[in-house]
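Structure at a glance
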Amino acid sequence: MTDAAPPVPPRPSASLVIGREGVSGWEIFMVQRHSATRFAGGALVFPGGALEAQDTEVSANSDSLSAHRLAAIREVFEEAGILFARHLDGSWPAPELLAELAGERERVACGEVPFGVWLAQQGLCPATDALVPFAYWVTPSTRPKRFATHFFVAELPPLQVGSHDGVELVDSFWAAPAQVVALGEAGEYWVMRATEVNCRRLSAYPSCAAALADFRTHPESLVTPTFFAVGGRRYLSVPARGGRGVLTLAAEP
């Protein structure tokens, strides 16, 4: 009898929920991954990705999640064209500059120039303070491909909308968190369980501002589902919002 292989180490990654106030309530920016993508191909997700070496650059106001914040900002620009960066005086870029920088997405994505260097060349610095952590998920140790993902929430920067890159992502749209859950339940999109749970938790808030305020006050730690059985059916429960209450769902969709 041979010993079981040790679990694959989870790869550090970051994902960003971008919110805005819509006509009927707050909405979040969702993207669909290309079906040929090795991980979660075809899934409806929040923009984000794995950390790269360039994301580990630290600054004077760095914290334990600085690299994750920078990775989220970089990935969101590459994948969705939304730039979380400000001028040195704290102002957000004007529409003219945003239109000019939109043509740089491919150059940044292919690694022609490090993201931090590119921002500095534009006279910009990453708006890491705008990203509020709200969840941390680690793929179960039994999976062959694992990620340790920090999820952040941030309000859409002024004068920006967002659009998928047409390479890694094939679709994008704004929807209420509850609507994303409904799209998954109806089978219109594949919504992974972690994405669904995060959307259910976010749907408890009446606005993006309310979600940001709560998670700033009650920072979230590792989301560890608790499993239990009732009447022969398995369920899972996770913290519902701001560390208060629980959200219970069937273990299998």
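This text follows the structure it describes.
Presented here is an overview of the structure given in this document. (Residues numbered from 1 in each chain as written. Predicted model: local features only at pLDDT ≥ 70, side-chain atom pairs only at ≥ 80, totals over all residues. Heavy atoms only, no water.)

Membership of the largest hydrophobic core comes to 37 residues, with the highest contact counts inside it found for Leu16, Ile18, Leu83, Phe84, Phe115, Trp118 and Leu131. Within the residue set of this core, elements represented by two or more residues are β1 (11-22), β2 (25-33), α1 (66-80), α2 (95-102), α4 (115-121), β8 (147-155) and β9 (169-175). Ranked by size, the runner-up nonpolar core spans 33 residues in total, among them Phe134, Val180, Val223 and Leu249. (Core = buried A, V, L, I, M, F, W, Y, C linked by side-chain atoms within 4.5 Å. Buried < 20%, exposed > 50% of the residue type's maximum accessible area, 1.4 Å probe, protein only. Helix = DSSP H or I, 4+ residues; strand = E, 2+ residues; numbered from the N terminus.)

The residue leucine 159 is not glycine, and still its phi comes out positive at about 65 degrees. Counting through the fold element by element, leucine 159 comes out in the loop between β8 and β9.

Here tryptophan 118 lies in helix α4. By relative accessible area, tryptophan 118 is classed as buried at 0%. Counting along the chain gives eleven residues from tryptophan 118 to arginine 107, while the straight-line C-alpha distance between them is 9.7 Å. With residues near it in sequence (within four places) discarded, tryptophan 118 still touches Phe77, Leu83, Leu101, Glu104, Arg107, Val108 and Val113. (Contact = heavy atoms within 4.5 Å.)

Let's shift gears to the pattern of salt bridges. Enumeration over the complete set of coordinates arrives at eleven salt bridges. Of the charged contacts in the structure, one is a salt bridge between aspartate 55 and arginine 74, with a shortest N-O distance of 2.8 Å. Taken as a pair, aspartate 55 in the loop between β4 (48-50) and α1 and arginine 74 in helix α1 lie far apart in primary sequence, 19 residues in all. The closest approach of N and O atoms between glutamate 196 and arginine 193, which form a salt bridge, is 2.9 Å. Of this pair, glutamate 196 and arginine 193 both sit in helix α6 (residues 193-202), three residues apart, which is roughly one turn of the helix. An identical accessibility class is assigned to glutamate 196 and arginine 193; each is buried. What you see here is one network of salt bridges that share partners, running through Glu52, Asp55, Arg74, Glu75 and Glu78. (Salt bridge = Lys/Arg side-chain N within 4 Å of Asp/Glu carboxyl O.)

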